[in-house]
Amino acid sequence: MTIGALLLAAAILTGIFIVVNFMLKPLRLFFALLFALGLGVLLLVLTNLLLSPWGLHIAVNPVTVLTTALLQLPGAVMLVLLRVLFG
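This is a predicted model, so every value here is computed, not measured.

1. A short note on the overall build of the protein chain
Phase 1 of the analysis: Looking only at helices and strands, one finds three helices and zero strands in the protein chain.
Phase 2 of the analysis: In the protein chain, the order of α-helices and β-strands from amino to carboxyl end is α-α-α.
Phase 3 of the analysis: Taken over C-alpha atoms, the radius of gyration comes to 23 Å for the protein chain, far larger than the 12 Å a tight globule of 87 residues would show.
Phase 4 of the analysis: Taking the principal axes of the C-alpha coordinates as reference, the protein chain spans close to 80 × 20 × 15 Å.
Phase 5 of the analysis: Across the 87 residues of the protein chain, 18% fall into the buried class.
Phase 6 of the analysis: Looking at the protein chain alone, contacts between residues at least 24 apart form 50% of all its contacts between residues at least 6 apart.

2. What to know about helix 1 (residues 3-51)
Phase 1 of the analysis: Its 49 residues place the ends of helix 1 70 Å apart at the C-alpha level, agreeing with the 72 Å of an ideal helix rising 1.5 Å per residue.
Phase 2 of the analysis: Every buried residue of helix 1 is listed here: Ala36, Gly40, Leu44, Thr47, Asn48 and Leu51.
Phase 3 of the analysis: Where helix 1 is buried, its residues meet helix 2 (62-71) and helix 3 (73-86).

3. Examining the packing of helix 2 against helix 3
Phase 1 of the analysis: Orientation of helix 2 relative to helix 3, taken along the N-to-C sense of each, is 140 degrees, at an axis distance of 5 Å. Our classification of the angle between helix 2 and helix 3 gives oblique. Here Thr64, Thr67, Thr68 and Leu71 of helix 2 lie close against helix 3, whose contacting residues are Leu73, Pro74, Gly75, Ala76, Met78 and Leu79.
Phase 2 of the analysis: Of the residues that constitute the contact of helix 2 with helix 3, the class distribution is six nonpolar, four polar and no charged.

4. Topic: the environment of Leu82
Phase 1 of the analysis: Counting through the fold element by element, Leu82 comes out in helix 3.
Phase 2 of the analysis: You can call Leu82 partly exposed: its relative accessible area is 39%.
Phase 3 of the analysis: Remark: the alpha-carbon pair of Leu82 and Gly38, spanning 44 residues in sequence, is separated by 22 Å.

5. Concerning the nonpolar core
Phase 1 of the analysis: Of all hydrophobic cores here, the largest spans six residues; its members are Leu44, Leu51, Ile58, Val65, Leu79 and Val80.
Phase 2 of the analysis: Counting residues per element, the ones that place at least two in this core are helix 1 and helix 3.

6. Some points on unusual backbone geometry
Phase 1 of the analysis: In the Ramachandran plot, Gln72 falls in the positive-phi region, its phi being about 55 degrees despite a non-glycine side chain.
Phase 2 of the analysis: The residue Gln72 is located in the loop between helix 2 and helix 3 in this model.
Phase 3 of the analysis: Of the residues examined, Gln72 reaches a relative accessible area of 42% and is grouped as partly exposed.

Calculation rules
- Residues numbered from 1 in each chain as written.
- Predicted model: local features only at pLDDT ≥ 70, side-chain atom pairs only at ≥ 80, totals over all residues.
- Heavy atoms only, no water.
- Helix = DSSP H or I, 4+ residues; strand = E, 2+ residues; numbered from the N terminus.
- Rg over C-alpha atoms; globule rule 2.2 N^0.38 Å.
- Buried < 20%, exposed > 50% of the residue type's maximum accessible area, 1.4 Å probe, protein only.
- Contact = heavy atoms within 4.5 Å.
- Expected span 1.5 Å × (residues − 1).
- Axes fitted to C-alpha atoms, helices over the stretch in contact; angles between N-to-C directions.
- Parallel < 35°, antiparallel > 145°, perpendicular 65-115°, else oblique.
- Nonpolar A, V, L, I, M, F, W, Y, C, P; charged D, E, K, R; others polar.
- Core = buried A, V, L, I, M, F, W, Y, C linked by side-chain atoms within 4.5 Å.

Structure representation (structure tokens):
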């Protein structure tokens with residue numbers, strides 16, 4: 001093999017690597033967001049199960065799911081406190 005062929009092969013492999021990385025980053029972000037949303041729904045359902053004996057219920061809607069997905073446990077505690085204070 002000549003030097004030119006080796007350089008061409010290295011350039012092609014580098015190009016493939018760059019293209020694959022650009023395609024996988026949005027996919028990773030999508031799955032991370034999907035996981036956070038699923039965790040937010042699970043956290044809301046668990047909160048509702050634990051607080052239902054005291055008559056507290058947090059609605060599962062897009063705003064509360066996004067709140068718990070972004071803030072996780074502190075977001076769920078904040079929603080419970082808001083429900084108790086202004087409920």
